[in-house]
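One-letter residues, chain by chain:
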Amino acid sequence: MVATSTASKIWTRETGLIEKRDLWTAMKRGFRGRCPRCGEGKLFRAFLKTADNCSVCGLDFTPHRADDLPAYLVIVIVGHIVVPTILWIETNYTTPVWISFAAYLPFTFVASLALLQPVKGAVVGLQWALRMHGFDDNPPDGIPPV
């Protein structure tokens, strides 16, 4: 049987002096493609490739794990815009099928591409603000880095 450590965390003045991270500010900065900490440096070096670190404050972006969440969020956002619009148009007007495809598909494609980078930036900002993955200055013991 393995004994677990029941060491209690000792709260001191220094433990309360950690950096304050505002969730909405970090997400807005990430949505704009900027560093979630300072809001000045670029978050992306290519369309969906995050930079290694911020050029202004030096924040390391490599621990982020956005994975597929931005794509799923974009599908939800664009779907909530496109589907009601298509239903409204198709129930109130009679449009030929070729016009429907010529309008709906390009709009869906362009809207998805336009939102993908801002949503990924907001997800990285969310992870930084909540100290998820490697964005915590003092990670808990016993958890290997990803």
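Worth saying up front: this structure is predicted, and the values here are computed from it rather than measured.

Novice: Explain a nonpolar patch on the surface here, please?
Specialist: Judged by side-chain polarity, Leu69, Tyr72, Leu73, Ile75, Ile77, Ile81 and Phe107 come together as a nonpolar surface patch covering roughly 660 Å² of accessible area. Here the nonpolar patch takes six residues from helix H2 (residues 69–92), the largest share from any one element. For Ile77, a relative accessible area of 36% corresponds to the partly exposed category.

Novice: Can you help me understand the side chain of Gln127 in this one?
Specialist: Among the secondary structure elements, Gln127 is positioned in helix H3 (residues 97–129). With sequence-adjacent residues up to four places away left out, Gln127 is seen in contact with His64, Arg65, Ala66, Met132, His133 and Phe135.

Novice: Explain the packing of aromatic side chains to me, please; I cannot follow it from the model alone.
Specialist: The geometry of an aromatic ring pair is captured by two quantities: the separation of the ring centres and the angle between the planes. A complete count under the given rule lists one aromatic pair for this structure. Measuring from centroid to centroid gives 5.7 Å for Trp88 and Tyr93, while their planes differ by 80°, and the two rings are edge-to-face. Residue classification places Trp88 among the partly exposed positions, given a relative accessible area of 47%.

Novice: Can you help me understand the packing of H2 against H3 in this one?
Specialist: To describe two helices that pack against each other, one gives the angle between their axes and the distance between the axes. One can describe the packing of H2 onto H3 by two numbers: an axis separation of 8 Å at closest approach and a directional angle of 150°. As far as their axial angle goes, H3 and H2 are roughly antiparallel. The crossing of H2 and H3 is right-handed. Counted together, Leu69, Pro70, Ala71, Leu73, Val74, Ile77, Val78, Ile81, Val82, Ile86, Ile89 and Glu90 of H2 and Ser100, Tyr104, Phe107, Thr108, Ala111, Ser112, Leu115, Leu116, Val119, Lys120 and Val123 of H3 form the full contact between these two elements. Tallied by class, residues from the contact of H2 with H3 come to 18 nonpolar, three polar and two charged.

Novice: Can you help me understand the UniProt feature "transmembrane region" (unreviewed entry) in the chain in this one?
Specialist: As annotated in UniProt, the feature "transmembrane region" (unreviewed entry) corresponds to residues 69–89 and 95–116 in the numbering used here. In residues 69–89, the share of helix is 100% and the share of strand is 0%. The end C-alpha atoms are 30 Å apart. When the span residues 95–116 is considered, its composition is 91% helix and 0% strand, and the gap between its end C-alpha atoms is 30 Å.

Novice: How should the environment of Val78 be read in this particular structure?
Specialist: Within the secondary structure, Val78 sits in helix H2. Assessed through its relative accessible area of 5%, Val78 is described here as buried. Between the alpha carbons of Val78 and Phe109 there is a distance of 9.4 Å; along the sequence they are 31 residues apart.

Novice: Explain the nonpolar core here, please?
Specialist: A general trend in soluble globular proteins is that nonpolar side chains are found buried together. Counting 12 residues, the largest nonpolar core is built from Ala26, Cys35, Leu43, Phe44, Ala51, Cys54, Leu59, Phe61, Val124, Trp128, Ala129 and Phe135. Sorting elements by how many residues they give to this core places H3 first, with three residues. In this structure Leu43 touches Gly30, Gly33, Arg34, Cys35, Pro36, Lys49, Thr50, Ala51, Phe61, Gly121 and Val124, once residues within four positions along its chain are discounted. By size, the runner-up hydrophobic cluster in this structure holds six residues, among which are Val82, Ala111, Leu116 and Val119.

Novice: What's the story with unusual backbone geometry in this structure? I'm lost.
Specialist: Negative phi is the rule for most residues except glycine; trans is the rule for most peptide bonds. Notably, Asp67 is not glycine yet its phi reads approximately 50°, a positive angle. Within the secondary structure, Asp67 is located in the loop between helix H1 (23–31) and H2. Given the relative accessible area of 64%, Asp67 is considered exposed.

Parameters and conventions
- Here the residue numbering is sequential within each chain, running from 1 through the sequence in written order.
- In keeping with the model being predicted, local features are shown solely for residues with a pLDDT of at least 70 and side-chain atom pairs are shown and tallied solely at 80 or more, while totals for entire chains, interfaces and linings include all residues.
- Side-chain metrics in this entry use all non-hydrogen atoms of the structure; hydrogen atoms and water are not considered.
- Patch rule: a residue counts if its relative accessible area is over 30% and it has no salt bridge; like charges are joined within 9 Å, and nonpolar side chains (Val, Leu, Ile, Met, Phe, Trp, Tyr) within 5 Å.
- Here the Shrake-Rupley method, with its probe set to 1.4 Å, supplies the accessible areas, and only the displayed protein chains count as covering residues.
- A carboxyl oxygen of Asp or Glu within 4 Å of a side-chain nitrogen of Lys or Arg is what we treat as a salt bridge.
- Labels follow the DSSP assignment, with helices taken as runs of H or I lasting at least four residues and strands as runs of E lasting at least two, numbered in each case from the N terminus.
- For each residue, the accessible area found with a 1.4 Å probe, counting protein chains only, is set against the maximum for its type, and the residue is called buried under 20%, exposed over 50%, and partly exposed in between.
- The criterion used for residue contact is that any of the two residues' heavy atoms lie within 4.5 Å.
- Aromatic rings from Phe, Tyr and Trp, taking only the six-membered ring of Trp, are treated as a pair when their centres fall within 6.5 Å; an angle between ring planes under 30 degrees marks them as stacked, one over 60 as edge-to-face, and anything in between as tilted.
- In this analysis an axis means a line fitted to C-alpha atoms, helices contributing only their contacting stretch, and an angle means the value between N-to-C directions, from 0 to 180 degrees.
- Angles are sorted into four bins: roughly parallel if under 35 degrees, roughly antiparallel if over 145, roughly perpendicular if 65 to 115, and oblique for all others.
- Put simply, a crossing is left-handed when the front helix is turned counterclockwise from the back one by less than a right angle, and right-handed when it is turned clockwise.
- Three categories are distinguished: nonpolar for Ala, Val, Leu, Ile, Met, Phe, Trp, Tyr, Cys and Pro, charged for Asp, Glu, Lys and Arg, and polar for the others, with Gly belonging to the last.
- UniProt positions are given in the numbering used here, feature names are shortened, and annotations may be inferred rather than shown by experiment.
- In this description, a nonpolar core means a group of buried Ala, Val, Leu, Ile, Met, Phe, Trp, Tyr and Cys residues linked to one another through side-chain atoms lying within 4.5 Å.

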